[in-house]
Amino acid sequence: MRQATITRTTRETDITVTLDLDGTGVSDCRTGVGFFDHMLDQLSKHALIDLRVTAKGDLHIDDHHTVEDVGIAIGQALTRAVGDKRGIRRYGHFALVMDDAKVEAALDLSARPWLAFAVEFPTSKIGTFDTELVREFFQALSTHGGITLHVDKVRGLNSHHIAEATFKAVAKALRMAVEADPRAGDALPSTKGAL
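Residues numbered from 1 in each chain as written. Predicted model: local features only at pLDDT ≥ 70, side-chain atom pairs only at ≥ 80, totals over all residues. Heavy atoms only, no water.

### A look at the overall build of the protein
Moving on, step 1. Secondary structure assignment for the protein yields 4 helices and 10 strands.
Moving on, step 2. By the compact-globule yardstick of 16 Å for 195 residues, the protein fits well, its C-alpha radius of gyration being 16 Å.
Moving on, step 3. With the principal axes as the frame, the protein shows a C-alpha extent of 45 × 40 × 25 Å.
Moving on, step 4. Across the 195 residues of the protein, 49% fall into the buried class.
Moving on, step 5. Nonlocal contacts in the protein, meaning residues at least 24 apart in sequence, comprise 76% of its contacts between residues at least 6 apart. (Helix = DSSP H or I, 4+ residues; strand = E, 2+ residues; numbered from the N terminus. Rg over C-alpha atoms; globule rule 2.2 N^0.38 Å. Buried < 20%, exposed > 50% of the residue type's maximum accessible area, 1.4 Å probe, protein only. Contact = heavy atoms within 4.5 Å.)

Printed below as a string of structure tokens:
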């Protein structure tokens, strides 16, 4: 069962994340940040990961702590759910287009966190959501999920399209990486013997 539940409680946020890597993309995300919930729904749907997120954060200050801490909790749940990584593909990549936007994502479930994020937005906000928080989410996810993650915007004019293409591209790459490799059996996808 490649499932995990993580609860993270700080003075700034109270978050519970439950995910199932072998789901069908069912999501129930309630963070209090509407646009972010929409992006988490995209992550779940296109990674085919069932995802439930409940978060209460200090939104009277801003959305930063909630978005970042949800990224931390999802990363921790992903690490727990994927286990020792035997038999998985480990790597994933995807180039995704959404209208004017094209975003490419490549990742490695290496246990060596690294984020290379070359995604710029033409506006500082999407509705009330700060576009800089897209990077903050993926920084937290990659750090706590042990993911080497490279995301590059090839083109894009509309901030909403760019953000959504980013979440979907990462989702599709993540789906590929956590899938069982039918040729690998129970082998660890590393010549080191450990990940």
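### Digging into the pairing of strand 10 (residues 148–155)
A regular strand carries its side chains on alternate faces of the sheet.
Moving on, step 1. As paired elements, strand 6 (residues 101–108) and strand 10 share 7 bridges and run antiparallel to each other. Bridge pairing in strand 10 links A106 to H150. (Pairing = 2+ DSSP bridges.)

### Some thoughts on the sheet that holds strand 6
Moving on, step 1. Across the sheet, which stays open at both edges, the 4 strands sit in the order 5-6-10-7 with mixed pairing between neighbours. The open sheet has two edge strands with one neighbour each: strand 5 (91–98) and strand 7 (114–118). Averaged over all adjacent pairs, the angle separating strand axes in this sheet is 10 degrees, with direction ignored.
Moving on, step 2. Bridge analysis of strand 7 against strand 10 gives 5 bridges, and the strand direction is parallel. Among the inter-strand pairings, A118 is bridged to a residue of strand 10, identified as D152.
Moving on, step 3. Seen against the sheet, helix 3 (residues 132–145) touches strand 7 and strand 10 and runs at an angle of roughly 160 degrees to strand 7. (Axes fitted to C-alpha atoms, helices over the stretch in contact; angles between N-to-C directions.)

### Re the sheet that holds strand 4 (residues 50–57)
Moving on, step 1. Read across the open sheet, the 4 strands follow the order 1-2-4-3; overall the sheet is mixed. Single-partner strands in this sheet number two, and they are strand 1 (3–9) and strand 3 (27–30). The mean angle between the axes of side-by-side strands here comes to 5 degrees, regardless of whether they run parallel or antiparallel.
Moving on, step 2. Both strand 1 and strand 2 (residues 13–20) contribute to a ladder of 7 bridges, which runs antiparallel. From the neighbouring strand, T5 faces strand 2, where its bridge partner is T18.
Moving on, step 3. Across the face of the sheet, helix 1 (residues 34–47) comes into contact with strand 3 and strand 4 while running at roughly 155 degrees to strand 3.
Moving on, step 4. This element, helix 2 (residues 64–82), spans strand 1, strand 2 and strand 4 of the sheet and lies at about 35 degrees to strand 2.

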